[in-house]
Amino acid sequence: MPKKYKVKRYSSIYNRSKKRRSLAFQIIMSIVVFVAIALIVYLISIGVNSYINRESYTELDSSILSAPSDTNNIADDKYQNTSEKIMASEMSASSIENNSYITEFIKKSKDEGKNAVVVPLKTKSGSILYSTNVQKAKSWEAIADYIIDALDLAKKIKDAGLVPIAKVSAFYDQTAPHAKRENSYYQGSQKTTTHLFKNSVTKKAERWLNPYKEASRKYICDIVAELGNFGYSYVLLDDVAFPDVEFDSSVGTDANGKSKSEILKTFVKELDDIGVPTIISYDWSAIGGGKSSDIIYGGDISTYGIKNQAPIIDISKPPTSLSEKNEIIKSAIDYIRNKNSDVFIVPKIPLSSTSKESIISELKSLQIYSNIIFADN
């Protein structure tokens, strides 16, 4: 019968094996714990950073709305140089809620050699077409039925390699003005109703924000500051003006001895203090002054210290003071340059003008390579 062998167990071997398994387990668990802690710390840091950024953005909005003069200039520096050029077309206000239209317009602008896009965000009707934090836009019921994300649109334009320019109708406003809001005109003792002016040309009743009212000027300044914060390199301002009627002296009793020209100069200074580059548009018929210019602008607006000027070149309505001269466009540009040092001239040309190409050609001969082709929004 074969001999049976008893297997001898060496406790030291088994103990060492057990210790090795325990050590390996401890190492693995340490790695797992370390990775878990690292992941938790990473996720917390993202949350904290997001919170901080959200808070700082909110504070920036608040500071812009409460004190525009403290706003930093966020526009692209290279577009501050007057040697740069702006060649822009303007979007249609009635179509900017359409994403397909926006995409196609941006593409068309690039194909046509434009380097900027103008986006109408406060129209002549007074409607605010974007989601705004300006409190008066809400309390004055100025926000349109449809609104866009103005910040996102500015980003889309920039991503396409173009310069975003916001357009704002300043004091011509068919929505916000009302005597109870301390922002409009009134006649005589009629201080509880909104005065509607009769346009001398169309004979239609129109509302206007009153530049003599601080609430009116601050409303526009708040909008400009906010749009600068949203990433628009410039804000183009139309209708920095008065109604085109000769109203009696009882209108605008807040003048306190200030003339129309003085209050518009004050407004230009308030805009400059914001720090967001603005371009102010005006009828070129006002160049050199005259009765019409005195009514609308209180004088020759081209001499009001505006750094970036956009005279509207409408061949059918040339400046009265220059109408006897043959080279009317040259005369107008020379006049603006002589009256202003380091002025940036960005002429506006109506989309409907049949003379667009000849006007652009004439401007180039004067070393004016900038222009904005605009629609009547």
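Residues numbered from 1 in each chain as written. Predicted model: local features only at pLDDT ≥ 70, side-chain atom pairs only at ≥ 80, totals over all residues. Heavy atoms only, no water.

Draft legend 1. The side chain of lysine 213, seen in detail. Along the chain, lysine 213 falls in the loop between strand 7 (205-206) and helix 5 (214-229). Given a relative accessible area of 6%, lysine 213 falls into the buried group. Here the side chain of lysine 213 touches glutamate 182 through a polar contact of 3.1 Å, side chain to side chain. (Helix = DSSP H or I, 4+ residues; strand = E, 2+ residues; numbered from the N terminus. Buried < 20%, exposed > 50% of the residue type's maximum accessible area, 1.4 Å probe, protein only. Polar contact = N/O pair within 3.5 Å; in protein donor to acceptor, adjacent residues only side chain to side chain.)

Draft legend 2. Here's a closer look at unusual backbone geometry. Positive phi values are uncommon outside glycine, yet aspartate 239 reaches one of about 60 degrees. Relative to the assigned elements, aspartate 239 resides in the loop between strand 8 (234-238) and helix 6 (260-274). Accessibility expressed as a relative area gives 16% for aspartate 239, which makes it buried. At aspartate 342, a position not held by glycine, the phi torsion is positive, near 55 degrees. Here aspartate 342 shows up in the loop between helix 8 (328-339) and strand 11 (344-345).

Draft legend 3. The pattern of salt bridges, seen in detail. Across all of its chains, the model carries 13 salt bridges by this definition. For aspartate 152, the salt bridge goes to lysine 156, with nearest N and O atoms at 3.6 Å. Taken together, the residues span about one helical turn, with aspartate 152 and lysine 156 both in helix 4 (residues 150-159) at a distance of four residues. Assessed through its relative accessible area of 33%, aspartate 152 is described here as partly exposed. (Salt bridge = Lys/Arg side-chain N within 4 Å of Asp/Glu carboxyl O.)

Draft legend 4. Expanded view of the packing of helix 8 against helix 9 (residues 356-365). Closest axis-to-axis distance for the helix 8/helix 9 pair is 10 Å, and the angle between their directions is 45 degrees. By the angle class used here, helix 8 and helix 9 are oblique. Considering only the axes of helix 8 and helix 9, their crossing is right-handed. Here Ile329, Lys330 and Ile333 of helix 8 lie close against helix 9, whose contacting residues are Ile359, Glu362 and Leu363. Looking at the contact of helix 8 with helix 9 residue by residue, the class counts come to four nonpolar, no polar and two charged. (Axes fitted to C-alpha atoms, helices over the stretch in contact; angles between N-to-C directions. Parallel < 35°, antiparallel > 145°, perpendicular 65-115°, else oblique. Left-handed = near helix turned anticlockwise from the far one by under 90°. Contact = heavy atoms within 4.5 Å. Nonpolar A, V, L, I, M, F, W, Y, C, P; charged D, E, K, R; others polar.)

Draft legend 5. Fine view of the packing of aromatic side chains. All told, the structure shown has six aromatic pairs when counted by the stated rule. The interplanar angle of 85 degrees and the centroid separation of 6.0 Å between the aromatic rings of tyrosine 130 and phenylalanine 230 together place this pair among those described as edge-to-face. Taken as a pair, tyrosine 130 in strand 3 (residues 128-130) and phenylalanine 230 in the loop between helix 5 and strand 8 lie far apart in primary sequence, 100 residues in all. You can call phenylalanine 230 buried: its relative accessible area is 10%. For the ring pair tyrosine 212 and phenylalanine 242, a centre distance of 5.9 Å and an interplane angle of 55 degrees mean the geometry is tilted. (Phe/Tyr/Trp six-rings, centres within 6.5 Å; stacked < 30°, edge-to-face > 60°.)

Draft legend 6. Highlighting the environment of isoleucine 328. As for its position among the elements, isoleucine 328 is in helix 8. Sequence-wise, isoleucine 328 and isoleucine 315 are 13 residues apart; in three dimensions their C-alpha atoms are separated by 8.9 Å.

Draft legend 7. The arrangement of the environment of valine 235 in detail. Take valine 235: it is sitting in strand 8. Discounting residues that sit within four places of it in the chain, valine 235 has contacts with Ala166, Val168, Val224, Leu227, Val276, Pro277, Thr278 and Ile279.

Draft legend 8. Spotlight on the pairing of strand 9 (residues 278-283). Counted residue by residue, strand 9 has five buried out of six residues, so it is predominantly covered. In terms of strand pairing, strand 8 meets strand 9 through three bridges, oriented parallel. When the bridges of strand 9 are listed, leucine 236 appears paired with isoleucine 279. Where strand 9 lies against strand 10 (residues 308-312), four bridges are found, and the strand directions are parallel. When the sheet's bridge partners are listed, tyrosine 282 is paired in strand 10 with proline 311. Read as a crossover between parallel neighbours, the route from strand 9 over helix 7 (residues 291-297) to strand 10 is right-handed. (Pairing = 2+ DSSP bridges. Right-handed = clockwise from strand over helix to strand, strands pointing away.)

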